[in-house]
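# Coordinate analysis (summary)
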Amino acid sequence: MLRLFVLGAVLLKTVSAVVYTDPSKLPSAPYTYIIVGAGPGGSVLASRLSEDTKNRVLLIEAGPSDTVDPIIQIPFLCTTLAPDTIVTWNYTTVPQPGLDGRAIPYPRGRTLGGSTSINYMVWTRGPSSDFDRLAKISGDSGWSWSSLQQTFKSVEDLVPPADGHNTAGEVDPSIHGKNGSVKISIQQNTPLDSMIFKTTEQLPEFPFNEDMSSGNPLGIGWGLFSVGNGQRSSSSVSYLSPVLGRSNLDILVDTQVTRVIQTGTQKGLPVFRGVQFAQSASSPLFVRNATKEVILAAGAVNTPQLLMLSGIGDGTQLSKFGIETIVNLPDVGTNMQDHVVLPNVFSVNANFTNDDIGRNATILNNDLAQWEASHTGPFATSVTAEIGWLRLPTDASIFKTVKDPSSGPNAPHYEFIFAFSSFVEPPPTTGHYMMIASNLITPTSRGSITLASANPFDAPNIDPALLNSDFDIFTMREAVKAALRFAAAPAWKGYVIGPHGALGDAKTDAEIEAYARTNSATVFHPFSTAPMSAVDAKDGVVNPDLTVKKTVGLRIVDASVLPYVPAAHPQAALYAVAERAAKLIKEC
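All figures in this text were calculated on a predicted structure; none of them were measured in a lab.

Okay, the overall build of the protein next. A count of helical and extended segments in the protein gives 14 helices and 27 strands. Scaling as 2.2 N^0.38, a compact globule of 588 residues should have a C-alpha radius of gyration of about 25 Å, and the protein matches this with 23 Å. The principal-axis extents of the C-alpha atoms in the protein amount to approximately 70 × 60 × 45 Å. Every one of the 588 residues in the protein was classed for burial, and the buried ones make up 61%. Expressed as a percentage of contacts within the protein between residues at least 6 apart in sequence, the contacts between residues at least 24 apart total 73%. For the protein, the computed accessible surface area is about 21700 Å², with 53% contributed by carbon and sulfur atoms. Within the protein, one finds 42 positive and 52 negative side-chain charges whose respective centroids are separated by 6 Å.

In structure tokens, the structure reads:
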């Protein structure tokens, strides 16, 4: 209801940008690069590669322009953008044994900006050891933490929060960029702030961290978000909108690439510089070739699907669907990893929480009017302001049988996400709530993307294997217990009434695990389905320069290439990967 109300109020005020919606109308001139997918990878590459006027760039996005849904730009309404909307793929997983056999919604962004147009905008770089591990695995020091610091800064534009409050002590400006493309900011203050940070003083296991982008994210602190001037700063807004006037950049929306096409052979290797695309299963097929490269930036679900449809993958699996194997790469679609989130809700003694906005039309109208007039007020901020990154104790019993899967001692195992609302669906119709969600950050479970058919318009089988290992369920259980300890600190006396609903009924370890399996879901961070490895490695899908192994003319620049899901909200890492990829391509 909240989404429908706001759409009705603001839909007519949206103005569409000029992009191609009909493949037959594309100019006939040859393209230097063809990019598939307009998420953070594709948007960055389209902008950077078209800086050279000698290049002609075509960016193809399966979904519509991000201007079709004005809610995208309103930070507070991020939770209404998925699932089952026009700007998502609206996928569903296969039944998950770790979630009591539930098949859950698995939305991915399907619009300009990709998932940066529908995510909750949290901006974290992750621990330094994540990138140093990547450099070691790939054999390329350019992926190390120190090597990427200027790249991170080049992406960022740290701006004041929408309410203009003094952020001293909440963020370290020296760590961040000031002139980059993506606006990032601290969010507005909430009534939870003082109690959260008083708890960090009272309970030593939850230390304060002024800025989690330092490479050592451990602790509780204010989060940064890709929000600027009270509006979402997606990859479309940040990288595409400023360059829409370039005559050497064409953007085609509402069009799905159905496969990449071999266009020749070079030194015994297949050359893939062609793409086939259509607007529906029954519409005409179109083919265009690039003179230099085809770059897949379709994400960790769609990129492996597209590779397999094109004859690149595990030959045994491809043969089941009558697809000729051109390049046998068994790791395509394997190694899938994702973060698992559990919304732990607490009843609170308050006269107002954000739950009231969805219940009271007067409050909603006033907040929406304020945002439309000045891009300030509650709608100018995301649904959370503080986050925390935490580790299991070194003597945790799970480490007697399982090796620590984190990248190093400064890398978290789980996260806290604080929200001034219940944050569950459907929301309670009465009462006031806060949430301390627990988010599993270093899963040991490994899932997969596999073909359901040879029809590119059929969704693939999506199996993130959530909570499918002993370590994962142990860590989620301990994260829930940590959230209960946090909310029991003296700082919350008189405010927190107690755990709400199923959380309050879970007392023993077994009951907490059962509660987790019944109520957990994805936080929408699929990764690692076309992983990077060293040039001479026999495993993996891409080389350190992100070119697809055993091919010519084909590269991948998206979440599928990182061999481990980052111990972070990953959009900042993906922007850095894309910026470095652009430099590598320009050097070719």
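Next up on the list: the pattern of salt bridges. Tallied over the entire structure, the rule returns 19 salt bridges. Asp 52 is the salt-bridge partner of Lys 54, the closest N and O atoms lying 3.3 Å from each other. Residue class for Lys 54 comes out exposed when judged on its relative accessible area of 68%. Note on Asp 52: relative accessible area 29%, which makes it partly exposed. When salt bridges with common partners are traced through the structure, they connect Arg 477, Glu 478, Lys 481, Asp 509 and Glu 513 into a single cluster.

By the element assignment, His 432 lies in the loop between strand E21 (414-419) and strand E22 (433-440). The class of His 432 is buried, set by a relative accessible area of 19%. Within the structure, the side chain of His 432 is placed 3.3 Å from the backbone oxygen of Asn 351, a separation counted as a polar contact. Within polar-contact distance, the side chain of His 432 engages the side chain of Asp 356 at 2.9 Å. Once residues lying within four places of it in the same chain are set aside, the contact partners of His 432 are Phe 346, Ser 347, Val 348, Ala 350, Asn 351, Phe 352, Thr 353 and Asp 356.

Ranked by size, the top nonpolar core spans 140 residues in total, and within it Phe 416, Met 434, Trp 492 and Tyr 495 carry the most contacts. Ignoring any residue separated from it by four or fewer positions in sequence, one finds Tyr 495 in contact with Leu 192, Met 195, Ser 347, Val 348, Asn 349, Ala 350, Thr 353, Phe 420 and Met 434. Core analysis: the next-biggest nonpolar cluster, separate from the first, contains 25 residues, Phe 76, Cys 78, Met 121 and Trp 371 among them.

The subject of this paragraph is the packing of aromatic side chains. Here the structure, examined in full by the defined rule, presents 21 aromatic pairs. Between the aromatic rings of Tyr 239 and Tyr 575, the centroid separation amounts to 5.8 Å while the plane-to-plane angle is 20 degrees, which identifies the pairing as stacked. Of the two residues, Tyr 239 sits in helix H6 (residues 235-240) while Tyr 575 sits in helix H14 (residues 571-587), which places them 336 residues apart along the sequence. For the pair Tyr 239 and Tyr 575, one class covers both residues: buried. Of the aromatic side chains, those joined through ring pairs into one cluster are Phe 206, Tyr 414, Phe 416, Phe 418, Phe 486, Trp 492 and Tyr 495. Seen from the ring of Tyr 564, Arg 133 lies directly overhead, with NZ or CZ sitting 3.7 Å from the centre.

Among the 8 residues of E22, 8 are classified as buried, and the element is accordingly described as predominantly covered. Burial of the side chains of E22 extends over both faces: Tyr 433, Met 435, Ala 437 and Asn 439 are buried on one face and Met 434, Ile 436, Ser 438 and Leu 440 on the other. Sheet analysis places strand E18 (residues 340-342) next to E22, joined by 3 bridges and oriented antiparallel. Across the sheet, Leu 342 pairs through a bridge with Ser 438, a residue of E22.

This part is about the environment of Pro 107. Within the secondary structure, Pro 107 is located in the loop between strand E4 (105-106) and strand E5 (122-123). Residue Pro 107 is classed as buried on the basis of its relative accessible area of 2%. Taking the C-alpha atoms as reference, Pro 107 lies 27 Å from Gln 188; in sequence the two are 81 residues apart. Residues within four places of Pro 107 in sequence aside, it is in contact with Ala 82, Pro 83, Thr 88, Asn 90, Tyr 91 and Phe 524.

Here the focus is the environment of Phe 418. One can find Phe 418 in strand E21. Not counting chain neighbours up to four residues away, the residues in contact with Phe 418 comprise Ile 196, Ile 220, Val 383, Thr 384, Ala 385, Glu 386, Ile 387, Gly 388, Met 435, Ile 436 and Phe 486.

Let us now look at the sheet that holds E5. Pairing is mixed across the open sheet formed by 4 strands, whose spatial order is E5-E9-E7-E6. If you trace the sheet from one side to the other, it starts and ends with E5 and strand E6 (156-158), each paired once. Bridge analysis of E6 against strand E7 (residues 182-186) gives 3 bridges, and the strand direction is parallel. Each residue of the ladder has a partner; that of Glu 156, found in E7, is Val 182. Against the sheet, helix H4 (residues 145-155) contacts E5, E6 and E7, and its axis sits at roughly 60 degrees relative to E6.

Now for the side chain of Thr 200. Counting through the fold element by element, Thr 200 comes out in helix H5 (residues 193-202). Residue class for Thr 200 comes out buried when judged on its relative accessible area of 12%. Separated by 2.6 Å, the side chain of Thr 200 and the backbone oxygen of Phe 197 make a polar contact. If we ignore the near neighbours within four places in the chain, the residues touching Thr 200 are Phe 206, Pro 207, Phe 208 and Ile 220.

On to the confidence of the model for the protein, then. Averaged over all residues, the pLDDT of the protein equals 96, while 97% of them reach at least 70. Across the protein, strand E27 (residues 554-556) holds the top mean pLDDT of 99, while helix H1 (residues 2-10) sits lowest at 57.

Turning to its location among the elements, Thr 291 is positioned in strand E15 (residues 286-296). Setting aside residues no more than four positions away along its own chain, Thr 291 makes contact with Pro 30, Tyr 31, Thr 32 and Arg 273.

Analysis parameters
- Residues numbered from 1 in each chain as written.
- Predicted model: local features only at pLDDT ≥ 70, side-chain atom pairs only at ≥ 80, totals over all residues.
- Heavy atoms only, no water.
- Helix = DSSP H or I, 4+ residues; strand = E, 2+ residues; numbered from the N terminus.
- Rg over C-alpha atoms; globule rule 2.2 N^0.38 Å.
- Buried < 20%, exposed > 50% of the residue type's maximum accessible area, 1.4 Å probe, protein only.
- Contact = heavy atoms within 4.5 Å.
- Areas by Shrake-Rupley, 256 points an atom, 1.4 Å probe, with all protein chains shown as cover.
- Lys, Arg positive; Asp, Glu negative; His and termini not counted.
- Charge placed at Lys NZ, Arg CZ, Asp CG, Glu CD.
- Salt bridge = Lys/Arg side-chain N within 4 Å of Asp/Glu carboxyl O.
- Polar contact = N/O pair within 3.5 Å; in protein donor to acceptor, adjacent residues only side chain to side chain.
- Core = buried A, V, L, I, M, F, W, Y, C linked by side-chain atoms within 4.5 Å.
- Phe/Tyr/Trp six-rings, centres within 6.5 Å; stacked < 30°, edge-to-face > 60°.
- Lys NZ or Arg CZ within 6 Å of the ring centre and 35° of its normal.
- Pairing = 2+ DSSP bridges.
- Axes fitted to C-alpha atoms, helices over the stretch in contact; angles between N-to-C directions.
- pLDDT = per-residue confidence, 0-100.

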